[in-house]
Amino acid sequence: MRLEHGRRASLALTLNFVAFAFALSAVTTSYWCEGTRKVAKPFCTGPPVKNKEWYCIRFNSTNLNDSRMVQYIFETGEEKFLMRKFHTGIFLSCEQAVDMNGFDCRDFSEIAPENERGVLWLCIVAETLYLTLLSTGGALMILEQCPCFSVMNKLKLSAFAAMCTALSGLCGMVAHMMFTTIFQLAVATGPEDWRPKTWDYSWSYILAWGSFGTCMGSAVTALNRYTKTIIEFKYKRRNIEKSLMIKQNMMGMDMPEQMWDMYLTAGPADAETPLELPVNGHKPSTGTAYEVEMDNVQEQQGEAYC
């Protein structure tokens, strides 16, 4: 279905807003990747409770200072380990607390390998540029909707909006790929107290790439609208030039310049006798030497145009 100019502009603006909302949600959350860590259960502290504390190991006696008593535990094998959940974003990495209630967070820059922290900061800068250029493109699209601008100014705003949106998409793609690389390196060479046993990408990562897709869709829509309008202008201009050329040719065929020059420089023998010009290529009923010469000039002009 062929979209009108106003509907194309509204579609590009809507896609830009969706992309910005997705990108902002992805950057400000810490669910780019999530998984589990296998950790040993800590020893329980405090007085014994009625219900079994499955997240920690409790000895058979609370008097740990008595060396005469044999201390033993009931957990064996995999029961001595916990699978703690964690989730990581660009800024934070959070892991379940010791009592499995809530999450304890720390900076992801502390987890990333030291030789790759510069790449992490480049990733943060690229994400900032992504949001900035995307919001700039949206602002230009809003200005384009203002009726106070002329058609040519609106076209310029549309071109700049498409350019900013496309550049923002490229920055976002680079930033997402940088984070993916840094996280995989952290999994392989990160600190021992953080390395996950299993992990996968989460909904923030999906939002980030969804934002990139809608961003590029907005840029293509805006650029398509600009290109289509320029092509229509060129087509109309070509038609106008063609019609003007045809009109000039028709005017030249009706009264050639040579006939005008001859009419102005030469005069008839009898001043009282009116000059009869040829009409539609037919000779007049009466003939004089001047009229015969005029007929010859008209025939030459007709052959030249043919």
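Worth saying up front: this structure is predicted, and the values here are computed from it rather than measured.

1. Considering the pairing of strand β3 (residues 92-96)
Phase 1: Among the five residues of β3, four are classified as buried, and the element is accordingly described as predominantly covered.
Phase 2: Looking at chain direction, strand β2 (residues 81-88) and β3 are connected through three bridges and run antiparallel. Opposite F86, over in β3, you have E95 as the bridge partner.
Phase 3: Turn length for the β3-strand β4 (residues 103-107) hairpin, with the two strands adjacent in sequence and antiparallel, is six residues, and the turn residue M100 shows positive phi of about 65°.

2. Side note on the UniProt feature "transmembrane region" (unreviewed entry) in the chain
Phase 1: In the numbering adopted here, UniProt assigns the feature "transmembrane region" (unreviewed entry) to residues 12-32, 155-183 and 203-227.
Phase 2: Taken end to end, residues 12-32 is 81% helix and 0% strand, and its two terminal C-alpha atoms sit 27 Å from one another.

3. Things to note about the pattern of salt bridges
Phase 1: Under the counting rule described, the total for this entry stands at four salt bridges.
Phase 2: With a closest N to O distance of 2.4 Å, R37 and E95 form a salt bridge. Of this pair, R37 sits in strand β1 (residues 33-40) while E95 sits in strand β3, and the two are 58 residues apart along the sequence.
Phase 3: On the accessibility criterion, R37 (7% relative accessible area) is buried.
Phase 4: For R195, the salt bridge goes to E192, with nearest N and O atoms at 3.2 Å.
Phase 5: A relative accessible area of 61% means that E192 is categorised as exposed.
Phase 6: The structure contains a network of salt bridges with shared partners spanning R37, R84 and E95.

4. Overview of the nonpolar core
Phase 1: By size, the foremost hydrophobic cluster in this structure holds 22 residues, and its most contacted members are W32, F108, F179, F183 and W194.
Phase 2: When contributions to this core are tallied by element, the ones reaching two or more residues are α2 (108-111), α3 (117-144), α4 (151-189) and α5 (203-254).
Phase 3: With six residues, α4 is the largest single contributor of residues to this core.
Phase 4: Among all residues touching F183, those that are not within four sequence positions of it are C33, F86, T88, F108, W194 and W199.
Phase 5: Of all hydrophobic cores here, the second largest spans nine residues; its members include A12, L140, L157 and A162.

5. A closer look at the sheet that holds β3
Strand pairing within a sheet occurs via backbone hydrogen bonds; the two strands may be parallel or antiparallel.
Phase 1: Strand order in the open sheet formed by five strands is β4-β3-β2-β1-β5, and the pairing between neighbours is antiparallel. Every other strand in the sheet has two partners, leaving β4 and β5 (198-201) as the edge strands with one partner each. Neighbour-to-neighbour, the strand axes of this sheet turn through a mean angle of 20°, independent of strand direction.
Phase 2: With respect to the sheet, α4 is in contact with β1, β2 and β5, its orientation differing from that of β5 by roughly 175°.

6. Regarding a nonpolar patch on the surface
Phase 1: On the surface, F160, M163, L167 and L170 cluster together to form a nonpolar patch covering roughly 380 Å² of accessible area.
Phase 2: Within the secondary structure layout, F160 lies in helix α4.
Phase 3: Overall, the relative accessible area of 47% leaves F160 in the partly exposed class.

7. Comments concerning empty space enclosed by the protein
One water molecule sets the probe size; rolling that probe over the atoms shows where empty space is left.
Phase 1: The full count for this structure, using the stated rule, is one cavity of 30 Å³ or more.
Phase 2: Empty space within the largest cavity amounts to approximately 50 Å³.
Phase 3: Considering the residues around the largest cavity, the lining is formed by R8, A9, A12, M141, E144, Q145, S158, T221, A222 and R225.
Phase 4: When residues of the lining of the largest cavity are traced back to their parent elements, those giving at least two are α1 (5-28), α3 and α5.

8. Brief notes about the state of the cysteines
A disulfide bridge is the covalent bond that connects two cysteines by way of their sulfur atoms.
Phase 1: Under the counting rule described, the total for this entry stands at one disulfide.
Phase 2: Across the disulfide, C94 is cross-linked to C105 (sulfur-sulfur distance 1.9 Å). Taking the sign of the torsion about the S-S bond as the criterion, the disulfide between C94 and C105, at about 105°, is right-handed. Of this pair, C94 sits in strand β3 while C105 sits in strand β4; the two residues are eleven residues apart in sequence, bridging distant segments of the chain.
Phase 3: Using a relative accessible area of 3% as the deciding quantity, one classes C94 as buried.
Phase 4: For C105, a relative accessible area of 45% gives the class partly exposed.

9. Looking at the packing of aromatic side chains
Phase 1: Under the criterion given, the structure shown has twelve aromatic pairs.
Phase 2: When the centroid spacing of 5.5 Å and the interplanar angle of 25° are considered together, the rings of Y31 and W203 count as stacked. Within this pair, whereas Y31 is found in the loop between α1 and β1, its partner W203 is found in helix α5, the two being separated by 172 residues in sequence.
Phase 3: Given the relative accessible area of 27%, Y31 is considered partly exposed.
Phase 4: Chaining the aromatic ring pairs together yields one cluster made of W32, F86, F108, F179, F183, W194, W199, Y201, Y205, W209 and F212.

About the thresholds
Residues numbered from 1 in each chain as written. Predicted model: local features only at pLDDT ≥ 70, side-chain atom pairs only at ≥ 80, totals over all residues. Heavy atoms only, no water. Buried < 20%, exposed > 50% of the residue type's maximum accessible area, 1.4 Å probe, protein only. Helix = DSSP H or I, 4+ residues; strand = E, 2+ residues; numbered from the N terminus. Pairing = 2+ DSSP bridges. UniProt positions renumbered as here; feature names shortened; annotations may be inferred. Salt bridge = Lys/Arg side-chain N within 4 Å of Asp/Glu carboxyl O. Core = buried A, V, L, I, M, F, W, Y, C linked by side-chain atoms within 4.5 Å. Contact = heavy atoms within 4.5 Å. Axes fitted to C-alpha atoms, helices over the stretch in contact; angles between N-to-C directions. Patch = residues over 30% accessible without salt bridge, like charges linked within 9 Å, V, L, I, M, F, W, Y side chains within 5 Å. Areas by Shrake-Rupley, 256 points an atom, 1.4 Å probe, with all protein chains shown as cover. 1 Å grid on protein atoms, 1.4 Å probe; cavity = no way out; pocket = protein on both sides within 12 Å on 5 of 7 lines; lining within 4 Å. Points joined across faces, edges and corners; volume = space filled by probe spheres on them. Disulfide = S-S within 2.5 Å. Phe/Tyr/Trp six-rings, centres within 6.5 Å; stacked < 30°, edge-to-face > 60°.

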